[in-house]
Amino acid sequence: MGRSIPMRILQIIPSVSQVYGGPSQMVRGLSQALGLAGAEVTILTTNTNGDRGQPVLDVPLGVPIAEAGYEIRYFANSPFRRYKFSLELLHWLNQHAREYDLAHIHALFSPVSSGAAAIARHQKLPYVLRPLGTLDPADLRKKRWLKQLYALGLEASNLRGAAALHFTSEQEAKISERFGAVTQDWIYPLGVHLPVATLTPAEVRSCYQIPPDRPIILFLSRIDPKKGLDLLIPALEALAAQQDFHFLLAGSNPQDPDYERQIVQQLQNSSLASRTAIAGFVSGGLKTSLLVAADLFVLPSYYENFGIAVAEAMAVGTPVVISDQVHIWQAIAQAQAGWVCQCQVASLRHTLEMALQQAIERQTRGINAQHYAQTHFTWEAIASALLTEYQVILKC
């Protein structure tokens, strides 16, 4: 590394709560790997734990908490919980920014992240932005005019001042809006580190009353309109007339519980009711158990900058069925690690039918998926590459 003292790095993100899924949790994996590689890493985040009535995280505030290879500082979220804003966090950053070499800021169009980038720029602290898909044109269409104003006031300047933008796929970088900024782009995927499964596949089937000879199609992600459930449910309803399978729905949506309830009710009232199990939010060893037990993992998203759950399924050897709007689809196709469909009911139904009819091919593609994940989705390799990139920034 050419440095006599460890590099001091801030990782800044609105929340690391499990309820927000992979984009939040990945910061822990990255920070641990960077720490094991010799850097001193501090995560700055809020104690928010959901947007509507959930209790905040029960953690000490404003003090360093030692984790495996890094430390984390939580700050109190504002009363307007869904915005994940903390004046205390930004005040601390403004006071201590010059004690660090670089900040890696995760999420755009979020008050904590936007404020952190502005402070870093003011304090001459180099920073990298990871958009988390927020620059995708499809995502920008949501609350379009508000986001245009937000970009004009804050985010365009943050983009121009960033040392680099961290994208997780070539496709994400290619389509992302920059609001006139010329940027240095990094393309690094997310890593996967799953806990040990706590249930055997047979125990998973027993727990969710799934017959032993019935293939399991698993959806495990945030229950959100962008995830393509409006395609998946009718595709499965049409497929049920020709194929035997059981659908396992795992996930939640703390930001839009009404949509989650709508999907659950739709399944309970559909022809799929007798062949559907609803697991709700899962994490830890249970999450790993479901991924291992599944015969197919499905994610027909309308847009997805990476899809950490796809990588997690691959890591345990489960073949995937994804749409061509999940931005790692080309890698999946080239590695023959699963199947790729279009964002259409007919295309998804046909692809699922083809996958269910080929048990040996599912096994082969599951092996390919696991090999690809072990080669490309390890935090050790990603952290090593990022440390090299950080060093280049500091030499400039």
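Placed above this text is the structure.
Worth saying up front: this structure is predicted, and the values here are computed from it rather than measured.

What counts and how
- Per chain, the residues get numbers from 1 upward, laid out in the order the sequence is written.
- Totals for whole chains, interfaces and linings use all residues, but because this is a predicted model, local features are given only for residues with pLDDT of at least 70 and pairs of side-chain atoms are given and counted only at 80 or more.
- Each side-chain value is derived from all of the structure's non-hydrogen atoms; neither hydrogens nor water enter the calculation.
- Here the term buried applies to any residue with accessible area under 20% of the maximum for its type, exposed to any over 50%, and partly exposed to those in between, with areas from a 1.4 Å probe on protein chains only.
- A run of H or I in DSSP counts as a helix once it spans at least four residues, and a run of E counts as a strand once it spans at least two, with each numbered from the N terminus.
- Any two strands are treated as partners once DSSP identifies two or more bridges connecting them.
- By the criterion used throughout, a crossover qualifies as right-handed when its path from the first strand across the helix to the second strand runs clockwise, the strands pointing away from the viewer.
- The arc refers to the directions leading from the helix axis to the C-beta atoms.
- We call two residues contacting when some pair of their heavy atoms lies within 4.5 Å.
- Cavities and pockets are found on a 1 Å grid laid over the protein atoms alone: a cavity is a set of points where a 1.4 Å probe fits but cannot escape, a pocket is an open set with protein on both sides within 12 Å along at least five of seven lines, and a lining residue has an atom within 4 Å of such a point.
- Grid points are joined across faces, edges and corners, and a volume is the space filled by probe spheres set on the points.
- Lys, Arg, Asp and Glu make up the charged group, whereas Ala, Val, Leu, Ile, Met, Phe, Trp, Tyr, Cys and Pro make up the nonpolar group; the residues left over, Gly among them, are polar.
- An axis is simply a line fitted to the C-alpha atoms; with a helix, the fit covers only the stretch in contact. Between two such axes, the angle follows the N-to-C directions and lies from 0 to 180 degrees.
- Nonpolar core, defined: a set of buried Ala, Val, Leu, Ile, Met, Phe, Trp, Tyr and Cys residues in which side-chain atoms within 4.5 Å join the residues together.
- Two aromatic rings, drawn from Phe, Tyr or Trp (for Trp, its six-membered ring), form a pair once their centres lie within 6.5 Å of each other, and the interplanar angle then sorts them: stacked below 30 degrees, edge-to-face above 60, tilted otherwise.
- Lysine and arginine charges are scored as sitting over a ring when NZ or CZ, respectively, is within 6 Å of the ring centre and within 35 degrees of the ring normal.

**Student:** So what exactly am I meant to see when it comes to the pairing of strand β9 (residues 216-220) here?
**Tutor:** For a regular strand, side-chain orientation follows a simple rule: the groups alternate between the two sheet faces. Burial of β9 is extensive: five of the five residues sit out of reach of the surface. Alternating residues of β9 divide into I216, L218 and L220 and I217 and F219, and every residue in both groups is buried. Both β9 and strand β10 (residues 246-250) contribute to a ladder of five bridges, which runs parallel. Across the sheet, I216 pairs through a bridge with H246, a residue of β10. After leaving β9, the chain enters helix α8 (residues 229-239) and then returns to the sheet as β10, a path that is right-handed.

**Student:** Whenever I open this one, helix α2 (residues 87-96) confuses me. Can you help?
**Tutor:** An α-helical segment advances 3.6 residues per turn. Residues three or four places apart therefore align on the same side. Of the positions making up α2, those classed as buried are L89, L90, W92 and L93. For α2, the angular spread of the buried residues around the axis is 160°, confining them to a single face. Away from the buried face of α2 by more than 90 degrees, exposed residues L87 and Q95 are located. Considering only its buried residues, α2 is in contact with β1 (8-12), β2 (40-46), β4 (71-75) and α3 (111-122).

**Student:** Help me understand the layout of surface pockets, please; the structure alone is not making it clear to me.
**Tutor:** A water-sized probe rolled over the atoms picks out the places where empty space is left. In this structure, the second largest pocket spans a volume of roughly 250 Å³. When contributions to the lining of the second largest pocket are tallied by element, the ones reaching two or more residues are α6 (170-175), α12 (329-335) and α14 (359-376). Classifying every residue of the lining of the second largest pocket gives eight nonpolar, seven polar and one charged.

**Student:** Would you take a moment to explain the sheet that holds strand β12 (residues 296-299) for this structure?
**Tutor:** Either a parallel or an antiparallel arrangement is found when strands of a sheet pair, and the pairing is made through backbone hydrogen bonds. Reading across the sheet, the six strands line up as β11-β10-β9-β12-β13-β14 and stay open at both edges, with parallel pairing between neighbours. Bordering the open sheet on either side are β11 (276-280) and β14 (338-341), each of which pairs with just one other strand. For this sheet the average axis-to-axis angle between neighbouring strands, irrespective of direction, equals 20°. As defined by bridge partners, β12 adjoins strand β13 (residues 320-323) across three bridges and the pair is classed as parallel. When the sheet's bridge partners are listed, L299 is paired in β13 with I322.

**Student:** Looking at this structure, how should I read helix α11 (residues 308-315)?
**Tutor:** Burial analysis of α11 places seven of its eight residues in the buried class, which makes it a mostly covered element. Every buried residue of α11 is accounted for by I308, A309, V310, A311, E312, A313 and M314. G317 sits one or two residues past α11 and shows a positive phi near 85°.

**Student:** Please clarify how the nonpolar core should be interpreted in this entry.
**Tutor:** Within soluble globular proteins, side chains that are nonpolar generally end up buried alongside one another. The biggest cluster of nonpolar side chains holds 91 residues, and the ones touching the most others in it are L290, F297, V310, M314 and L352. Ignoring anything within four residues of it in the chain, the contact list for L352 reads I217, L232, L236, L239, L296, V298 and V321. L89, A97, I119 and L129 belong to the second largest nonpolar core, which has 33 residues in total.

**Student:** I would appreciate a short explanation of the packing of aromatic side chains in the present structure.
**Tutor:** Each pair of aromatic rings is reported with the distance of its centres and the angle of its planes. Summed over all chains, the structure comprises seven aromatic pairs. Residues F75 and W92 carry aromatic rings whose centres are separated by 6.2 Å and whose planes lie at 50° to one another, so their mutual orientation is tilted. Here the residue F75 occupies a position in strand β4, and W92 occupies one in helix α2, the gap between them amounting to 17 residues. Considered together, F75 and W92 belong to a single accessibility category, that of buried residues. On the basis of an interplanar angle of 80° and a centroid distance of 5.6 Å, the ring pair of F306 and F377 is categorised as edge-to-face. With a gap of 71 residues between them, F306 in the loop between β12 and α11 and F377 in the loop between α14 and α15 (379-395) connect regions that are remote in the sequence. For F377, a relative accessible area of 5% translates into the label buried. Among the aromatic residues, ring-to-ring pairing joins F75, W92 and Y100 into one connected group. Its end group placed over the ring of W145, R144 keeps NZ or CZ at 5.0 Å from the ring centre. Its end group placed over the ring of F109, K147 keeps NZ or CZ at 5.8 Å from the ring centre.

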